[in-house]
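Here's the letter readout for the chains.
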Amino acid sequence: MRDIIKTSASLTAVLICFVLAAGCSKSIPAEVEPNNTFNTAMKLEDNGAVTGYFNSADDVDCYQVTLHEPAVLDISLNAVRGINHSIKIWRRDGEPRLLKYIDDFRKSSPERFCNMYADRGVYYITVQHGDKDPKRPNTENPYTLSLKARSLAFLEEKEPNDGHISATPVTVGKEISGYFSPVYDRLNQNADHPFREEDWYALDIVLEGETPSLIDVELSGVPGVNSVLYVYNAAMGEVGAYNVHGIGKGESARGIGVTASGRYYIMVTTEGYQSNCDVPYQIYVSQRPYDSTMEMEPNNTVGDANPLQQSEISGKIFPGGDKDMYKIPGPGRPTMFTIEAAPPETIDISVNVYNEEGETISGANQGKKGVPEILPNVYASKSLYVEVLSRRGDSDEQGTYRLMVSSQPYINGYEIEPNGKKASATAVSADTVTGYTSFQGDVDYYFLEYPKRKTLRFTAKAALGSKIKVSVTDPLGYIIRSERISGDAEKSFTEMIDGKGYLIIESLEANYREPYTIEIQEEK
């Protein structure tokens, strides 16, 4: 009986100890002053916390963390009523070097930086007042500085990667993750984007036999964040900026041309200074072969124009405001080109044509969404540049347009655009004039010149489905006769030309594909 009582007493004692132990949580140590300098820094475990106070408006509390293995640190400060506090992270490299400065929010708010990569070594974390509110002592409500350490994921950004020099490597075909954290980079002094938090990645591309290829970059969406994606070449020239889909949505850069092996850069940031410490983003880069029937970005300027090596090439208007430039090599002899752009149903496409001097010689913007634009008669003997865009700002990440170009040797009597004024009139030296109503309201001038006064018979034929107005002028350009021709009809009339004059064709209803013709014969 005595043994049973002893055993029962022992069990009761054990249970009491267990209950007492369960009811007690591990206390958070308080800072030990003085800890205002690196030399007096208080040691902090890599998975620990500490409480502290601001004993004065200029108080700085310094903590030392020693890492024996590489780790990713999640550093946070709780909210303290009426206090705007901040975090600075330093690495001891001889003299301590500032790596990151977190001061995202105003007073009474927490601060957090969730993915600071740290290699082996000694680091310092300092807690001080922020710059967004007046500094004042606080000896009533303590702050709590918490530090959590974890292992680096296999493919994860290494903060700080706030510039191309410290860019995290990324590999084609392998997804890498990162965080939009913190909100601001207080060390970023870029005048255009002050304090913008940026994550940089370095992409090394090797081309087999230096054959050009295309790369596509996909950035996943993160709740509460309007993400922005940039791509740069090895010379730090901006290849493209992508900010299309808004908050919570991803972004993509597709068809980026790579013509030489080397290093490219990807930069991820936010529109409007946002963060999310709970949900990471992912970046995925793929590479595909290039052939001459595909657009190669960037091709937004004459200097970056894609050469047209085939009669057809496909491209995308993306993102909004995108302009694609193509170069038609100089044929070396007078040539007539027909240029057509067939868009996807989502795009109202527009086409401009420039000569080597950068002068606009033709353009088409007549249709609606999904309707092709046609320039039936572009004259050139030297190189041309064709610009494809949407004046409405339309864009389509998936749909492609087709740019088609055909040519034939110039035939005497064909109009040469631009000829919309007397000064640029096409000279007539043949018995038949052939031209196009290239756009709604198009006006074509032809210059007639003979050694003496002549009576001429003009036989005009309009293209099917079109309407034109044909006028004949005196030597000064004053109209002396006009006739209207509709559809596929033909009309003949005579008029005297006093040595010189102009033939004017005005488009009333256009047919962009079929020409009108004017036969000119002398009346005996």
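Residues numbered from 1 in each chain as written. Predicted model: local features only at pLDDT ≥ 70, side-chain atom pairs only at ≥ 80, totals over all residues. Heavy atoms only, no water.

(A) A look at the overall build of the protein chain. Within the protein chain, the secondary structure is distributed over one helix and 34 strands. What you see for the protein chain is a C-alpha radius of gyration of 37 Å, clearly larger than the 24 Å of a compact globule of 524 residues, by over 25%. Along the first, second and third principal axes, the C-alpha atoms of the protein chain reach 145 × 50 × 45 Å. Out of the 524 residues belonging to the protein chain, those deemed buried represent 47%. For the protein chain, contacts bridging at least 24 residues in sequence account for 73% of all contacts bridging at least 6. In the form shown here, the protein chain has an accessible surface area of approximately 25,500 Å², with 51% of it arising from carbon and sulfur atoms. Counting 52 positive and 74 negative side-chain charges, the protein chain places the centres of these two groups 2 Å from one another. (Helix = DSSP H or I, 4+ residues; strand = E, 2+ residues; numbered from the N terminus. Rg over C-alpha atoms; globule rule 2.2 N^0.38 Å. Buried < 20%, exposed > 50% of the residue type's maximum accessible area, 1.4 Å probe, protein only. Contact = heavy atoms within 4.5 Å. Areas by Shrake-Rupley, 256 points an atom, 1.4 Å probe, with all protein chains shown as cover. Lys, Arg positive; Asp, Glu negative; His and termini not counted. Charge placed at Lys NZ, Arg CZ, Asp CG, Glu CD.)

(B) Summary view of unusual backbone geometry. Cis rather than trans, the peptide bond between E33 and P34 has omega equal to 0°. With respect to the helices, strands and loops of the structure, P34 is situated in the loop between α1 (2–23) and β1 (42–43). Backbone torsion omega between E417 and P418 reads -5°, so that peptide bond is classified as cis. Inspection of the secondary structure puts P418 in the loop between β27 (401–409) and β28 (426–427). The backbone phi angle of F195 is positive, close to 65°, even though this residue is not glycine. By the secondary structure assignment, F195 is in the loop between β11 (176–180) and β12 (199–205).

(C) Inspection of the pairing of β12 at higher detail. Taken across its seven residues, β12 has six buried, putting it largely inside the fold. In this sheet, β12 lies alongside strand β10 (residues 168–170) in parallel orientation, the contact comprising three bridges. Looking at the pairing, P169 lines up with A202 of β12. Strand direction decides the pairing type here: β12 and strand β17 (residues 262–270), joined by seven bridges, are antiparallel. Each bridged residue has a counterpart across the sheet, and for Y201 the counterpart in β17 is I266. (Pairing = 2+ DSSP bridges.)

(D) Focus on the state of the cysteines. The final tally for this structure, using the stated rule, is zero disulfides. No disulfide involves C114; its nearest neighbouring cysteine sulfur is the one of C277, lying 3.8 Å away. (Disulfide = S-S within 2.5 Å.)

(E) Representation of the packing of aromatic side chains within the structure. Considering all chains together, one arrives at 13 aromatic pairs under this definition. Centroid distance F180 to Y281: 4.7 Å. Interplanar angle 45°. Geometry classified as tilted. On the criterion of sequence distance, the pair formed by F180 in strand β11 and Y281 in strand β18 (residues 276–289) is long-range, its members being 101 residues apart. Given a relative accessible area of 5%, F180 falls into the buried group. (Phe/Tyr/Trp six-rings, centres within 6.5 Å; stacked < 30°, edge-to-face > 60°.)

(F) Here's a closer look at the confidence of the model for the protein chain. Per-residue confidence for the protein chain gives a mean pLDDT of 92, with 95% of residues at or over 70. Below a pLDDT of 50 lies the segment residues 1–25, which in the model reaches zero contacts outside its immediate sequence neighbourhood of four places, other chains included. (pLDDT = per-residue confidence, 0-100.)

(G) Layout of the environment of K422. Here K422 is to be found in the loop between β27 and β28. Through-space distance from the C-alpha of K422 to that of Y502 is 7.8 Å; in sequence the pair is 80 residues apart. A distance of 3.0 Å separates a polar side-chain atom of K422 from the backbone oxygen of L476. (Polar contact = N/O pair within 3.5 Å; in protein donor to acceptor, adjacent residues only side chain to side chain.)

(H) Examining the sheet that holds β11 more closely. Judged by pairing direction, the sheet is antiparallel, and its four strands sit side by side in the order β11-β18-β13-β16 without closing on themselves. Edge positions in the sheet fall to β11 and β16 (251–258), since each has one partner strand and no second. When strand polarity is set aside, the average angle formed by the axes of neighbouring strands in this sheet is 25°. (Axes fitted to C-alpha atoms, helices over the stretch in contact; angles between N-to-C directions.)

(I) Main features of the pattern of salt bridges. Scanning the entire structure with this criterion turns up 29 salt bridges. The closest approach of N and O atoms between K100 and D162, which form a salt bridge, is 2.8 Å. On the criterion of sequence distance, the pair formed by K100 in strand β6 (residues 95–102) and D162 in the loop between β9 (138–150) and β10 is long-range, its members being 62 residues apart. A salt bridge links D204 to R263, with the nearest nitrogen and oxygen atoms 2.8 Å apart. Here the residue D204 occupies a position in strand β12, and R263 occupies one in strand β17, the gap between them amounting to 59 residues. By sharing partners, the salt bridges in this structure join K100, E159, D162 and E197 into a single network. (Salt bridge = Lys/Arg side-chain N within 4 Å of Asp/Glu carboxyl O.)

(J) Representation of the sheet that holds strand β7 (residues 111–118) in the model. With respect to topology, four strands assemble into an open sheet ordered β2-β9-β4-β7, the strand pairing being antiparallel. Each of the sheet's edge strands pairs with one partner strand only, and the pair in question is β2 (49–54) and β7. Strand-to-strand, the axes of this sheet are offset by a mean angle of 20°, without reference to chain direction. Of the strand pairs in this sheet, strand β4 (residues 71–77) and β9 are connected by six bridges, and their pairing is antiparallel. When the sheet's bridge partners are listed, I75 is paired in β9 with L147.

(K) Representation of the side chain of S181 in the model. Structurally, the position occupied by S181 is in the loop between β11 and β12. What makes S181 buried here is its relative accessible area of 0%. Within polar-contact distance, the side chain of S181 engages the backbone nitrogen of C114 at 3.2 Å. When sequence neighbours within four positions are dropped, the list of residues in contact with S181 reads R112, F113, C114, N115, E159, E197 and C277.

(L) Layout of the environment of E519. Mapping E519 onto the fold places it in strand β34 (residues 516–522). Taking relative accessible area as the criterion, E519 reaches 38% and is therefore assigned partly exposed. Put simply, E519 and T459 are 60 residues apart on the chain and 5.0 Å apart in space, counted from C-alpha to C-alpha. Excluding its chain neighbours within four sequence positions, the residues that come into contact with E519 are D431, T432, R457, F458 and T459.

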